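If you want the building blocks of each chain, they are given just below.
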Amino acid sequence: MHTAHGETALATMNFQPLLDEINDEIRPLLGQRGTVASYIPALARVPAAQFGIALRTCQGEEAQAGDAATPFSIQSVSKLFTLTLAMRHMGDTLWERIGREPSGNPFNSLVQLESEHGQPRNPFINAGAIAVADRLLSRGDAKAELLALMESLCGEPVAFDAEVAASEAATGYRNYALANFMKSFGKLDNDVQAVLDMYFHQCALRMSCVQLARAAGFLCRDGAHPRRGEAAITTERHARRINALMLTCGTYDAAGDVAFSIGLPCKSGVGGGIVAVVPDRLTLCVWSPALDATGNSLLGMKALELFVAKTGLSIF
Ligand code: GLU
């Protein structure tokens, strides 16, 4: 059980000085390498030289450093939360439409989707997340459901960034292609425009590292709500499976490297955020907008490496 694990180790670990130290080591590197996502015009304007880090333990202790309270576009990190909702609603039938294998291809690749007859490899590539959005739309007002989940998890209101959503809707040609392609194979039940409207809005959620570390808290607590006394977010079985997918598919084409060098389930987004889970102990969120060639935050990954090296925390 989540409450029984790691309490002794955590009692002796003071995370605030550690996050301050990581922030001090990362800040001189800001603005040196990497580029912000330029294919979404509203993201291209985000200043690159920012870095935040926040964590929340299973016991509810929090620590933060740098720009941890600055809201940013969570982009693909949202796929964690929509997947959680879809698994809650559909259980194992969800996997009739979506695979669970790493793609080994870019997150927005069309080639694999064609050879696999419109069935996305996993729920974290764009095609998979679009298929998840379709499943949620079939159940009702998916945007309202997602906002309600995020507000409950964070304990405060969370909003979509209308400008980012509009920017993606105006330029997301590849996502239109992916969705139309899946529709042509009969893999989407709802109208393509409606499915993409949901998808673009979930990607446009605006949250800070502090909020995301809190919101992902159920993933280190076997599905239990980050705040005690609230109803569970998902089952232990589902929480484990989401962690497994994060490890194998959560960081684009770099998942193997991330497992090798960091050894934690992670989900990244092209806004520069990365959520990492230390099961039974804590959730961590890092953010820095400049990305490496795989689409992951360059300094975010560096910060996670430092965190793991300094704490020895890893699932291996
Ligand atoms: N909204 C982005 C897209 O669809 C999400 C990409 C990402 O963060 O992986 O291209």
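Not measured: the values here are computed from a predicted model. (Residues numbered from 1 in each chain as written. Predicted model: local features only at pLDDT ≥ 70, side-chain atom pairs only at ≥ 80, totals over all residues. Heavy atoms only, no water.)

**Concerning the site of the ligand**
Inference 1: If you check the shell around the ligand, you find 13 residues, and the closest are Tyr39, Gln75, Ser76, Glu168 and Tyr252.
Inference 2: Glu168 is positioned such that a nitrogen or oxygen atom in its side chain is 2.7 Å from a nitrogen atom of the ligand.
Inference 3: Contacts to the ligand include Tyr199, whose side-chain N or O atom sits 2.8 Å from an oxygen atom.
Inference 4: Taken together, the residues of the shell around the ligand sort by class into seven nonpolar, five polar and one charged. (Near = heavy atom within 4 Å. Polar contact = N/O pair within 3.5 Å; in protein donor to acceptor, adjacent residues only side chain to side chain. Nonpolar A, V, L, I, M, F, W, Y, C, P; charged D, E, K, R; others polar.)

**Remarks on the sheet that holds strand β6 (residues 266–268)**
Strand pairing in a sheet is mediated by backbone hydrogen bonds. Such pairs are either parallel or antiparallel.
Inference 1: Pairing is antiparallel in the open sheet, where five strands are placed in the order β2-β1-β8-β7-β6. The sheet is open, and its two edges are formed by β2 (62–66) and β6, each paired on a single side. Pairs of neighbouring strands in the sheet enclose a mean axial angle of 10°, with direction left out of account. (Pairing = 2+ DSSP bridges. Helix = DSSP H or I, 4+ residues; strand = E, 2+ residues; numbered from the N terminus. Axes fitted to C-alpha atoms, helices over the stretch in contact; angles between N-to-C directions.)

**With respect to unusual backbone geometry**
Inference 1: In this structure, Gln75 is a non-glycine residue whose phi angle is positive, near 50°.
Inference 2: Within the secondary structure, Gln75 sits in the loop between β3 (72–73) and α4 (78–90).
Inference 3: One non-glycine residue, Asp280, lies in the positive phi region at around 70°.
Inference 4: Residue placement: Asp280 occurs in the loop between β7 (273–278) and β8 (282–287).

**Considering the UniProt feature "binding site: substrate" (unreviewed entry) in the protein**
Inference 1: Look at the UniProt record and you will see "binding site: substrate" (unreviewed entry) annotated at Ser76, Asn126, Glu168, Asn175, Tyr199, Tyr252 and Val270.
Inference 2: Counting through the fold element by element, Glu168 comes out in helix α8 (residues 162–171).
Inference 3: Of the residues examined, Glu168 reaches a relative accessible area of 4% and is grouped as buried.
Inference 4: Those residues in contact with Glu168 that lie beyond four places of it in its chain are Ile40, Gln75, Asn175, Phe200 and Cys203.
Inference 5: For Val270, a relative accessible area of 5% corresponds to the buried category.
Inference 6: When neighbours within four sequence positions are excluded, Val270 is seen to be in contact with Ala37, Tyr39, Ile40, Leu43, Gln75, Phe107, Tyr252, Leu291 and Gly295. (UniProt positions renumbered as here; feature names shortened; annotations may be inferred. Buried < 20%, exposed > 50% of the residue type's maximum accessible area, 1.4 Å probe, protein only. Contact = heavy atoms within 4.5 Å.)

**Quick notes on the nonpolar core**
Inference 1: Within the largest apolar cluster, 65 residues are counted, with the highest numbers of intra-cluster contacts made by Leu80, Phe81, Ile130, Met150 and Leu212.
Inference 2: Excluding residues within four positions of it along the chain, Phe81 makes contact with Leu146, Leu149, Met150, Leu153, Leu212, Ala215, Ala216 and Phe218.
Inference 3: Core analysis: the second largest hydrophobic core is formed by 31 residues, Phe51, Leu284, Leu304 and Phe307 among them. (Core = buried A, V, L, I, M, F, W, Y, C linked by side-chain atoms within 4.5 Å.)

**Quick notes on the pattern of salt bridges**
Inference 1: Using the criterion set out here, one finds 17 salt bridges in the structure.
Inference 2: Of the charged contacts in the structure, one is a salt bridge between Lys310 and Glu21, with a shortest N-O distance of 2.6 Å. Here Glu21 lies in helix α2 (residues 15–26) and Lys310 lies in helix α14 (residues 298–311), a separation of 289 residues in the sequence.
Inference 3: The salt bridge partner of Lys310 is Glu25, with a shortest N-O separation of 2.6 Å. Residue Lys310 is found in helix α14, and its partner Glu25 is found in helix α2; the two are separated by 285 residues along the sequence.
Inference 4: Since its relative accessible area comes to 32%, Lys310 is described here as partly exposed.
Inference 5: One network of salt bridges, in which partners are shared, links Arg97, Asp134, Arg135 and Asp189. (Salt bridge = Lys/Arg side-chain N within 4 Å of Asp/Glu carboxyl O.)

**Details of the packing of helix α6 (residues 126–137) against helix α10 (residues 192–203)**
Inference 1: The N-to-C vectors of α6 and α10 enclose an angle of 110°; their axes lie 9 Å apart at closest approach. On the basis of the axis angle, α6 is roughly perpendicular to α10. Taken as a pair, α6 and α10 cross one another with a handedness that is right-handed. Each of Asn126, Ala129, Ile130, Ala133, Asp134, Leu136 and Leu137 in α6 lies in contact with α10, whose residues at this interface are Ala194, Val195, Leu196, Met198, Tyr199 and Gln202. (Parallel < 35°, antiparallel > 145°, perpendicular 65-115°, else oblique. Left-handed = near helix turned anticlockwise from the far one by under 90°.)

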